[in-house]
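Remarks on the overall topology
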Amino acid sequence: MELPALRRVWNQAKGEVAPWWAQCSKEAFNTGLDGVARALRNFSDSKAGKRAGQKVGFPRFKSRRRATPSVRFTTGVIRWRATARM
């Protein structure tokens, strides 16, 4: 499943499944959806023989304890002020 298709499905279901969605940054969740889409594409391309290199297995969830938390900001401009308080 491609990223735009995953986003459409999620946008239809998020009101019921995650009412807290509007309180969080969309970038964190888009990063997760993008990762899932890439992993599924790599898996399907590997199975079909379209992907060079070693065979890729079905995607697995990462452990929150062992993986380094990360997020990619893909939309908008990020502004930083040196005097901003955290």
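A brief report on the enclosed structure follows. (Residues numbered from 1 in each chain as written. Predicted model: local features only at pLDDT ≥ 70, side-chain atom pairs only at ≥ 80, totals over all residues. Heavy atoms only, no water.)

**Quick look at the overall build of the protein**
Across its full length, the protein holds two helices and zero strands. Here the C-alpha atoms of the protein give a radius of gyration of 17 Å, more than 25% beyond the 12 Å that 2.2 N^0.38 yields for 86 residues. Taken along the three principal axes of its C-alpha coordinates, the protein extends 50 × 35 × 30 Å. Considering the protein as a whole, with its 86 residues, one finds that 13% of them fall into the buried category. For the protein, the proportion of contacts with a sequence separation of at least 24, taken over those separated by at least 6, is 49%. Here the protein displays about 8000 Å² of accessible surface, and carbon together with sulfur accounts for 54% of that area. Considering the protein, the positive charge centre built from 19 side chains and the negative charge centre built from 5 side chains are found 8 Å apart. (Helix = DSSP H or I, 4+ residues; strand = E, 2+ residues; numbered from the N terminus. Rg over C-alpha atoms; globule rule 2.2 N^0.38 Å. Buried < 20%, exposed > 50% of the residue type's maximum accessible area, 1.4 Å probe, protein only. Contact = heavy atoms within 4.5 Å. Areas by Shrake-Rupley, 256 points an atom, 1.4 Å probe, with all protein chains shown as cover. Lys, Arg positive; Asp, Glu negative; His and termini not counted. Charge placed at Lys NZ, Arg CZ, Asp CG, Glu CD.)

**Here we look at the side chain of Asp-34**
Considering the arrangement of structural elements, one finds Asp-34 in helix H2 (residues 26–48). In contact with Asp-34, other than residues within four places in its own chain, are Leu-3 and Arg-72.

**Details of H2**
Over its 23 residues, H2 extends 33 Å from the first C-alpha to the last, a length consistent with the 33 Å expected when each residue adds 1.5 Å. Structurally, H2 contributes buried residues whose contacts are with helix H1 (3–17). Where H2 ends, the next residue or the one after it, Gly-49, has phi of about 80 degrees, a positive value. (Expected span 1.5 Å × (residues − 1).)

**Thoughts on the side chain of Ser-46**
Summarising the element assignment, Ser-46 is placed in helix H2. Since its relative accessible area comes to 3%, Ser-46 is described here as buried. Beyond its immediate chain neighbours, meaning those up to four positions away, Ser-46 contacts Arg-51, Gln-54, Lys-55 and Val-56.

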